[in-house]
Amino acid sequence: MKERHHRLGSMLEAVLGSLFRKPATIRYPFEKFVMPKDFRGQPKFHSEKCTGCRLCIRDCPAQAITITKIGEKKFEASIDLGRCVYCAQCAETCPRKVIDISTDFELAQLERGKLKVVFHAEAASGSCPEESTGD
Ligand code: SF4
Ligand code: SF4
C-alpha cells in the first residue's frame with residue numbers, strides 16, 4: 001500500500017512538472033526546424049571555383065555526382081539526391097572547397113528525376129550559379 005502511494009506521488013509529480021516545462025517537440029512543419037550547424041544535408045556546388053579534376057566523383061561512394069565541362073574552364077555539376085548518402089566525402093575531398101554541405105533537409109520530390117539537382121556554371125563572373133532540379 002505504501003509502495004502504491006509512493007508511485008502515485010511520483011507520477012503526479014512528473015505530470016505536474018511537465019505542465020510547466022518547455023515541450024521537447026515542435027509543431028513541424030508549421031514551425032521551422034533549424035538543424036544543428038554540423039548536420040549533413042544537401043550538398044551544394046559552387047561552379048565558379050571548380051577545376052574539373054573529378055576527385056569528388058572518384059570518392060563519392062554513391063556515384064551521385066556528374067561533372068560536365070561546358071566551356072573553357074567552366075564546369076557544371078549534377079548531384080543526384082536520390083543516390084546521395086549525405087556522407088560529406090565530396091566536400092572533404094574537393095581541394096578547392098567547391099562543394100559545401102548545407103543544412104537543407106526538406107528534399108522530398110514526387111518524381112525521382114527531380115532529385116537530380118543541376119548546378120549550372122555561371123554565365124558571367126560575379127553572378128551566383130543557377131541551381132535547378134533535373135527533368
Ligand atoms: S573535386 Fe572539386 S574541383 Fe574537382 S571536380 Fe569535384 S568539385 Fe570540381
Ligand atoms: S555527400 Fe557523399 S554521397 Fe552525397 S554526393 Fe557527396 S560524396 Fe556523394
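A quick note: this is a predicted structure, and the numbers were derived from the prediction, not measured. (Residues numbered from 1 in each chain as written. Chains lettered and ligands numbered in written order. Predicted model: local features only at pLDDT ≥ 70, side-chain atom pairs only at ≥ 80, totals over all residues.)

Asker: Can you break down the site of ligand 2 residue by residue, with the values?
Answerer: Taken together, 14 residues surround ligand 2, and among them Cys60, Cys84, Cys87, Gln89 and Cys90 come closest. For the shell around ligand 2, a count of residues per class yields 13 nonpolar, one polar and no charged. (Near = placed C-beta within 6 Å. Nonpolar A, V, L, I, M, F, W, Y, C, P; charged D, E, K, R; others polar.)

Asker: Break down the environment of serine 102 for me, citing the residues and quoting the values.
Answerer: With respect to the helices and strands, the residue serine 102 is situated in the loop between β4 (99-101) and β5 (116-119). For serine 102, a count of 12 C-beta atoms within 10 Å gives the class exposed. Distance in space between the C-alpha atoms of serine 102 and glutamine 42 is 5.3 Å, their sequence separation being 60 residues. In this structure serine 102 touches Gly41, Gln42 and Lys44, once residues within four positions along its chain are discounted. (Helix = DSSP H or I, 4+ residues; strand = E, 2+ residues; numbered from the N terminus. Buried ≥ 20, exposed ≤ 12 C-beta atoms within 10 Å, placed from the backbone. Contact = placed C-beta atoms within 7 Å.)

Asker: Pulling in residues and values, what's your account of the site of ligand 1?
Answerer: The full set close to ligand 1 counts 13 residues, and Cys50, Cys53, Cys56, Cys94 and Val98 are the nearest of them. Within the shell around ligand 1, the residues separate by chemical class into eight nonpolar, three polar and two charged.

Asker: Could you give me a rundown of unusual backbone geometry, with the residues and numbers involved?
Answerer: In this structure, proline 29 follows tyrosine 28 across a cis peptide bond, with omega equal to 10°. Tracing the chain through its elements places proline 29 in the loop between α1 (2-19) and β1 (43-45). For lysine 73, which is not a glycine, the phi torsion comes out positive at approximately 55°. Looking at the element boundaries, lysine 73 is found in the loop between β2 (65-71) and β3 (74-80). Using a count of 10 C-beta atoms within 10 Å as the deciding quantity, one classes lysine 73 as exposed. For alanine 88, which is not glycine, the phi dihedral falls at a positive 70°.

Asker: Can you break down the pairing of β3 residue by residue, with the values?
Answerer: As paired strands, β2 and β3 are joined by six bridges and run antiparallel to one another. Bridge assignment links lysine 69 to a residue of β3, and that residue is phenylalanine 75. In this structure, the hairpin formed by β2 and β3 is closed by a connection of two residues, where lysine 73 is found at a positive phi of approximately 55°. Taken together, the four bridges between β3 and β5 define a ladder with antiparallel strand orientation. Bridge assignment links aspartate 80 to a residue of β5, and that residue is lysine 116. (Pairing = 2+ DSSP bridges.)

Asker: Tell me about the sheet that holds β2, and name the residues and values.
Answerer: Strand order in this open sheet of four strands is β2-β3-β5-β6, and the pairing throughout is antiparallel. This sheet does not close on itself; its edge strands, each paired only once, are β2 and β6 (131-133). Here the strands of the sheet are splayed against their neighbours by 20° on average, with no regard to which way each runs. (Axes fitted to C-alpha atoms, helices over the stretch in contact; angles between N-to-C directions.)

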